[in-house]
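# Overview (structure and organization)
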Amino acid sequence: MIRSLLRRPTLLIGLVVTLLLFAIAITSLFWTPLPPTKMQIAQKLKPPFSAGLLGTDQFGRDLASMLMVGAWNSLSTSLLAVALGATLGTAVGVLVAAVRGLTEMVVMRVCDIIFAIPPILSAMMLGAFIGSGRFTAIIAIAVFMVPVFARLTLGAALQIWSREYVSAAIGMGRSRTRITLVHILPNISNQIIVQVTIQLGLAILTEAGLSFLGLGMPPPAPTWGRMLSDAQTFLGAAPWMALMPGLAIALAVLGLNMLGDGLRDLLDPRDKT
Amino acid sequence: MIALISRRLAGLIVTLLLVSALIFAVMGLLPGDPASIILGTSASPDTLAALQKEMGLDQPLIVRYFGWLFGVLKGDFGRSYTYGVPVAGLIAERLVVTVPLALMAIVISVVIAIPLGVQAARHQNGPVDWIAGLVSHISIAVPAFWVGLLLIILFSTMLGWMPAGGFPGWSAGLGPAFRALLLPAIALALPQAGVLTRVTRSAVLEVMNEDYVRTALSKGLPQGRALWQHAFPNALIPVVTILGLQFTFLIAGAVLVENVFNLPGLGQLAYKALSQRDVVVMQMVVLFFSALVITMNFIVDLAYLVIDPRLRAGMR
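Source: prediction; values computed, not measured.

## A short note on the UniProt feature "transmembrane region" (unreviewed entry) in chain A
All names here are of chain A. Per the UniProt record, "transmembrane region" (unreviewed entry) is annotated on residues 12–31, 75–99, 106–129, 135–154, 192–217 and 237–260. For the annotated span residues 75–99, helix accounts for 100% and strand for 0% of the residues, and the straight-line distance between the end C-alpha atoms is 35 Å. What you have in residues 135–154 is 100% helix and 0% strand, and the ends, taken at the C-alpha atoms, are 28 Å apart.

## Re a nonpolar patch on the surface
Residue and element names in this part refer to chain A. A cluster of nonpolar residues, Ile-26, Leu-29, Phe-30, Trp-31 and Trp-72, forms a patch on the protein surface that exposes about 570 Å² of accessible area. Structurally, the position occupied by Phe-30 is in the loop between helix 2 (9–27) and helix 3 (63–99). Here Phe-30 falls in the exposed class, since its relative accessible area comes to 66%.

## So, the UniProt feature "domain: ABC transmembrane type-1" (unreviewed entry) in chain B
The positions UniProt marks with the feature "domain: ABC transmembrane type-1" (unreviewed entry) are residues 95–300 of chain B. Helix and strand shares over residues 95–300 of chain B are 83% and 0% respectively, and the end C-alpha atoms of the span are 21 Å apart.

## Some remarks on the packing of helix 5 (residues 87–122) of chain B against helix 10 (residues 223–245) of chain B
Residues and elements named next belong to chain B. The geometry of helix 5 relative to helix 10 is characterised by a closest axis approach of 11 Å and an angle of 130 degrees between their N-to-C directions. Viewed along their axes, helix 5 and helix 10 adopt a mutual orientation that is oblique. Like other packed secondary-structure pairs, helix 5 and helix 10 cross with a definite hand, here right-handed. Mapping the contact onto sequence places Ile-106, Val-110, Ile-114, Val-118 and Arg-122 in helix 5 and Gln-223, Gly-224, Leu-227, Trp-228, Phe-232, Val-239 and Leu-243 in helix 10. Residues belonging to the contact of helix 5 with helix 10 are distributed by class as follows: nine nonpolar, two polar and one charged.

## Section: the pattern of salt bridges
When the charged atoms of two side chains lie near each other, side chains of opposite charge can form a pair. Under the criterion given, the structure shown has six salt bridges over all chains. Of the charged contacts, one joins Glu-104 of chain A and Arg-100 of chain A as a salt bridge, the two residues approaching to 2.7 Å between their closest N and O atoms. Using a relative accessible area of 18% as the deciding quantity, one classes Glu-104 of chain A as buried. You can call Arg-100 of chain A partly exposed: its relative accessible area is 40%. Here Arg-201 of chain B and Asp-129 of chain B are joined by a salt bridge, their closest N and O atoms 2.6 Å apart.

## Overview of the interface of chain B and chain A
Chain B puts 47 residues into the contact, and the matching count from chain A is 41 residues. For the pair chain B and chain A, the summed buried area comes to about 4000 Å², and 82% of that belongs to carbon and sulfur atoms. Scanning the region where chain B abuts chain A turns up one salt bridge. Across the chain B-chain A interface, the total number found is five residue pairs in polar contact (both at pLDDT 80 or more). The set of elements that each furnish at least two residues to the side of chain B that touches chain A consists of helix 1 (2–29), helix 6 (127–141), helix 7 (144–158), helix 8 (174–208), helix 11 (247–260), helix 12 (266–275) and helix 13 (279–307) of chain B. Among the elements that make up the side of chain B that touches chain A, the one with the highest residue count is helix 1 of chain B (nine residues).

## What about the side chain of Glu-258 of chain B?
All names here are of chain B. Examined against the element boundaries, Glu-258 turns out to sit in helix 11. Despite its burial, Glu-258 pairs with no opposite charge, the nearest such side chain being Arg-94 at 7.3 Å. Leaving out residues up to four positions away in the same chain, Glu-258 has contacts with Thr-98, Leu-101, Leu-263, Gly-265, Leu-266, Gly-267 and Gln-268.

## Focus: the confidence of the model for chain B
Residue and element names in this part refer to chain B. Averaged over every residue, the pLDDT of chain B is 82; the share at 70 or more is 93%. The spread of mean pLDDT over the elements of chain B runs between helix 14 (residues 309–314), the lowest at 66, and helix 5, the highest at 89. Scored as a whole, the predicted complex attains pTM 0.86, and scored at its interfaces, ipTM 0.86.

Definitions and cut-offs
Residues numbered from 1 in each chain as written. Chains lettered and ligands numbered in written order. Predicted model: local features only at pLDDT ≥ 70, side-chain atom pairs only at ≥ 80, totals over all residues. Heavy atoms only, no water. UniProt positions renumbered as here; feature names shortened; annotations may be inferred. Helix = DSSP H or I, 4+ residues; strand = E, 2+ residues; numbered from the N terminus. Patch = residues over 30% accessible without salt bridge, like charges linked within 9 Å, V, L, I, M, F, W, Y side chains within 5 Å. Areas by Shrake-Rupley, 256 points an atom, 1.4 Å probe, with all protein chains shown as cover. Salt bridge = Lys/Arg side-chain N within 4 Å of Asp/Glu carboxyl O. Buried < 20%, exposed > 50% of the residue type's maximum accessible area, 1.4 Å probe, protein only. Axes fitted to C-alpha atoms, helices over the stretch in contact; angles between N-to-C directions. Parallel < 35°, antiparallel > 145°, perpendicular 65-115°, else oblique. Left-handed = near helix turned anticlockwise from the far one by under 90°. Contact = heavy atoms within 4.5 Å. Nonpolar A, V, L, I, M, F, W, Y, C, P; charged D, E, K, R; others polar. Buried area = accessible area lost by both parts, 1.4 Å probe. Polar contact = N/O pair within 3.5 Å; in protein donor to acceptor, adjacent residues only side chain to side chain. Lys, Arg positive; Asp, Glu negative; His and termini not counted. pLDDT = per-residue confidence, 0-100.

This is the structure in structure tokens:
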């Protein structure tokens, strides 16, 4: 186990970065250097190390603490969105693979259509009515994930359906539901796990974009995206405010992408390109 | 060939119609009625009913959809609630910013990614490959709008070489207009270039192992020529596919980057329409972006036929 990890630096780095991200996010639930919403106007716009580890923002709030809580907010929103999208998409994919025919054509066309609307825009559409917030962000990201997972699972499931042991199961009179549960799902789960990791990175990027536009969690809850949008006003006076949240997003996404690549390599040795 | 293209075109039209119906249905079915949004909570029921009638909101959704659709087909996109001007004009004004921005970003990402990807494949597992891999990994992970912020800090506030944002308009001349679009286009291009580099590398690697490349090399063709003349054209299909698929993300990035650089493009229009709850404008901008994405994928489909003559026979 450890040796196979050491032989795969991508997987190892990805795993370490991702675990670190989760650790920071979970730690923020019970400990941060300072309360992330505590304002100290006298300490405002201080550079890193002069007040707190990473400096302070325009209200004198501790950036390191905000960044930690931001990790939790960003990660939990993205996790919920991907969980929702992956579950729905996988269900649609395996269902269509079992039924085929006209359903397949219709569902795939619908997927194309949903895929044509970028999640930022669907979040804006939703936000115009139900108001922006975490719920809107989760739904908008999840809606975009559904076709991604539906296409992936349909393709993978169809390959399994053409295997001989599935033909044997059909010959034995097994129902399509049972075949899907016993043969299809377990055999495509690796590909789904890899995809979940990669889409989680994409979800973090999208969530950051949504919060940057004010379509994510409402203030005062700190999110990486809104920290960047706050920083925009102080690019000249306090450039460090723009540096750390972006770095956090990039590191989180990089870690998840590397983990996904590494997992693909580990779980699916056929696809080495 | 013509039959094939016309069949594709019919598919494109059906998809566009379905997208328009979906967008209209979402905007129509969601809670919150535009008339009460315009009037606010203090309006009397009579005023509300009168405005609903004026806006046609008392009609069933399907009737409103076809009314809207025929309007759109005739070029009448409706009237903005907040600006009080036709939406078509608003969109046309913004398109001349967003479309050049997106095109510049595509060109920049192709110019970076294709040579980098090809060189990485040529020196597989060498230092160039390693650096290209690292750079593309990182550039995929950074958000375009953050790159935009960093570019502003570096080139505008610190060095003072470039404008920090805003758009002088094309009437100010090509030079200033392109200057205003350059940093945003770079910010938008970087993540795209990362994806494109990886795809180019793996596509070239795959065809490098084909017999015809080996033949070309054993004939004594220099490696560079074998690569560019024989391997590269055959590696183009996956590269073009990704260019098309990435277009959705380019559009999403443009919405954010326009806001960072305060560019009066479609993305900024959508953002303003959202904060003013201008449903007519929202609807049209979303439709426009989606139509752009769908048309782009259609063009990619057609590009296959140009790139690979074999597909003309295969894709009937």
